[in-house]
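Survey of secondary and tertiary structure
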Amino acid sequence: MASKGSLADGVWRALRPVPGLVQPDVVLPDVADGALVAVVVAQGQVCWVGPNDAVPAAYAALPQWDGGGALATPGLVDCHTHLVYGGQRANEFAMRLAGATYEEVARAGGGIVSSVKATRAATEDELFALAAPRLQALLQEGVCAIEIKSGYGLALEHERKQLRVARRLGEAFGVTVCTTFLGAHALPPEYMGRSQAYTDLVCNEMLPALAAEGLVDAVDVFCERIAFTLAETEQVFQAAQKLGIPVKLHAEQLSDMGGSALAARYGALSCDHIEHLSADGIAAMQSAGTVAVLLPGAYYTLRDTQLPPIAALRAAGVPMAVSTDHNPGTSPALSLLLMANMACTLFRLTVPEALAGITTHAARALGLQDSHGLIASGRPANFVLWPVAEAAELAYWLGHKPAATIVRQGLVVADGLGVCAVAGDHHGV
Ligand SMILES: [Zn+2]
């Protein structure tokens, strides 16, 4: 299942840039005039970005690809997913339709714990086979980097299994995968009523072991009244800090726990959900440079009515990312473009905010701001050419998967626009 694709090395001409999504020192031609840019890729890296008519002569010998005026964005970044799990939870969907709330479902033994059962019962290969088509659905839409959390194992061997599958998915599909250890996602059934003992296990045994195996890029906690307290969250953050691993937080989804301010004190990469985020939380995130990750798929699925404080985040200059939060319970979403649409429609993000949310700001939420989320020289070639007339179309269509040309990790992995088919058969995909 190795990633297929031909080398993207060459001069990609006649591309329409999206302001803000190309390196800031490039003087862009006036996009309103329909002026175009070129991107030069050599050895899988972007090595030059600039006006279409100013490509240095040194690159003349490289293959020349004619983008035909296609809109170019950086590869998309999905910065919050629970992609690896056993089973699915359509039954809870039905329960909620019959009137049950998320908390009632959780208290009835459904929710996260039912995914824990199914995940524990699955082998590593089974989990890989289940997650692969989900990942493919996201990749087909131009995702070039993705975060995958554990949190359905809730025991060392099963958390390890999930994180190993996440790593294997990255290698098999040629996509950047950031692994996040979310051992503190829910109390496993065998620890019911022993929250402190489980938190100790997470901090003292699971995290150090998994970190030593190179399986943990970040540490996350579900800080909520149905999950972990503020004090338990801080204990996990301290354990992560001791190992030099960055933290992030499922924060203020169902109530204002003050988790975001705590996370900001630990320099969190992101606080995610944040429907109930307070003014103090916003101020703390702003000063720590913490990204606000908006998850409209969960908001939609739960029919939440508490909107995240978008206007206040915007006014404070807190970067806002948008992600699928793909998970079997509250956001079985497999389209980042649909999430961009929902972020606009439900949360009133502007189109440029939504596009930055699934690229630049999402990369920052993963600590990948120097390698992903921007078309810029010195970075691995990850970009998408879209068959659309204007950038707003990326957030406008509902459930439409445009046939894009996708360059991921220096390879042309899809060529919906036929750019490479025209340019030469040895580069056809
Ligand atoms: Zn989540």
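Rules and cut-offs
Residues numbered from 1 in each chain as written. Predicted model: local features only at pLDDT ≥ 70, side-chain atom pairs only at ≥ 80, totals over all residues. Heavy atoms only, no water. Core = buried A, V, L, I, M, F, W, Y, C linked by side-chain atoms within 4.5 Å. Buried < 20%, exposed > 50% of the residue type's maximum accessible area, 1.4 Å probe, protein only. Contact = heavy atoms within 4.5 Å. Helix = DSSP H or I, 4+ residues; strand = E, 2+ residues; numbered from the N terminus. 1 Å grid on protein atoms, 1.4 Å probe; cavity = no way out; pocket = protein on both sides within 12 Å on 5 of 7 lines; lining within 4 Å. Points joined across faces, edges and corners; volume = space filled by probe spheres on them. Nonpolar A, V, L, I, M, F, W, Y, C, P; charged D, E, K, R; others polar. Donors = N, O, S within 2.8 Å, 3.2 Å for Na, K, Ca; no water. Tetrahedral: all angles 85-135°; square planar, octahedral: opposite > 155°, others 65-115°. Axes fitted to C-alpha atoms, helices over the stretch in contact; angles between N-to-C directions. Parallel < 35°, antiparallel > 145°, perpendicular 65-115°, else oblique. Left-handed = near helix turned anticlockwise from the far one by under 90°. Pairing = 2+ DSSP bridges. pLDDT = per-residue confidence, 0-100.

Among the nonpolar cores identified, the biggest contains 99 residues, and I146, L169, F173, Y198 and W386 are the most heavily contacted of them. Ignoring any residue separated from it by four or fewer positions in sequence, one finds Y198 in contact with L154, G183, A186, L187, P188, Y191, M206 and F228. Formed by 21 residues, the second largest nonpolar core is a distinct cluster that contains V49, W65, A70 and V407.

Okay, the environment of P332 next. Its location among the elements puts P332 in the loop between β13 (320-322) and α12 (336-345). Using a relative accessible area of 52% as the deciding quantity, one classes P332 as exposed. Counting along the chain gives 14 residues from P332 to V318, while the straight-line C-alpha distance between them is 27 Å. Non-local contacts of P332, meaning those with residues more than four positions away in its chain, are made with T301, H326 and N327.

This part covers the layout of surface pockets. Its boundaries defined by the atoms lining it, the largest pocket holds a volume of some 590 Å³. As for the largest pocket, its lining consists of 25 residues, and the residues nearest its centre are R96, Y300, T301, L302 and R303. Within the residue set of the lining of the largest pocket, elements represented by two or more residues are α1 (90-97), α2 (102-107), α10 (296-301) and α12. Grouping the amino acids of the lining of the largest pocket by side-chain chemistry returns 13 nonpolar, 7 polar and 5 charged.

Glancing now at the coordination of the zinc ion. Looking at the metal site, the zinc ion is ligated by H80 (NE2), H82 (NE2), H250 (NE2) and D325 (OD), spaced 2.0 to 2.6 Å from it. Angles of 80 to 166 degrees at the metal separate the 4 donor atoms of the zinc ion, which places the site in the irregular class. For the zinc ion, all donor residues lie on one chain, and their spacing in sequence is H-x1-H-x167-H-x74-D. Separated by 170 residues along the polypeptide, H80 in the loop between β6 (76-78) and α1 and H250 in strand β10 (residues 247-251) bring together distant segments of the chain. By the burial criterion, H80 is buried, and H250 matches it.

As a packed pair, helix α4 (residues 124-139) and helix α5 (residues 156-173) sit with axes 9 Å apart at the nearest point and diverge in direction by 50 degrees. Accordingly, the angle class assigned to the pair α4 and α5 is oblique. Considering only the axes of α4 and α5, their crossing is right-handed. Here α4 contributes E124, D125, L127, F128, A131, A132, L135, Q136 and L139 to the contact with α5, which in turn contributes K161, R164, V165, R168, L169, A172 and F173. In the contact of α4 with α5, the residues fall into 10 nonpolar, 1 polar and 5 charged.

Our next topic: the sheet that holds strand β7 (residues 143-149). Spatial strand order, β6-β7-β8-β9-β10-β11-β12-β13: 8 strands in an open sheet with parallel pairing. With one partner strand each, in any of the chains shown, β6 and β13 form the two edges of the open sheet. Between one strand and the next, the sheet's axes are offset by a mean angle of 25 degrees, whatever the strand orientation. Two elements, β10 and strand β11 (residues 270-273), share 4 bridges in a ladder whose sense is parallel. When the bridges of β11 are listed, H250 appears paired with D272. Packed onto the sheet, α5 meets β7 and β8 (176-184) and runs at close to 170 degrees relative to β8.

Left-over empty space is what a probe sized like a water molecule reveals as it rolls over the atoms. For the structure on display, the rule yields 2 cavities of 30 Å³ or more. Each pocket or cavity is described by its volume, and for the largest cavity that value is around 110 Å³. H82, Y102, H185, N327 and T330 are, among the 13 residues lining the largest cavity, the residues nearest its centre. Of the residues that constitute the lining of the largest cavity, the class distribution is 4 nonpolar, 7 polar and 2 charged.

Taking the relative accessible area as the measure of exposure, H250 reaches 3% and is therefore buried. Those residues within four positions of H250 in sequence are excluded, and the remaining contacts are H80, H82, K149, L182, D220, V221, F222, C223, D272 and H273.

Taken as a whole, the chain shows an average pLDDT of 93; of its residues, 96% reach a score of 70 or greater. This model gives residues 423-429 a pLDDT under 50, and the stretch forms 14 contacts once residues within four places in sequence are excluded.

To continue, consider the pairing of strand β16 (residues 405-408). The side-chain alternation of β16 yields two buried faces, one formed by T405 and V407 and the other by I406 and R408. Note: strand β15 (residues 383-386) against β16, 3 bridges, orientation antiparallel. Pairing of L385 across the sheet is with T405, part of β16. Note that β16 and strand β17 (residues 411-415) share 4 bridges and pair antiparallel. Directly across from I406, in β17, lies its bridge partner A414. Between β16 and β17, which follow one another and run antiparallel, lie 2 residues, and Q409 among them has a positive phi close to 50 degrees.

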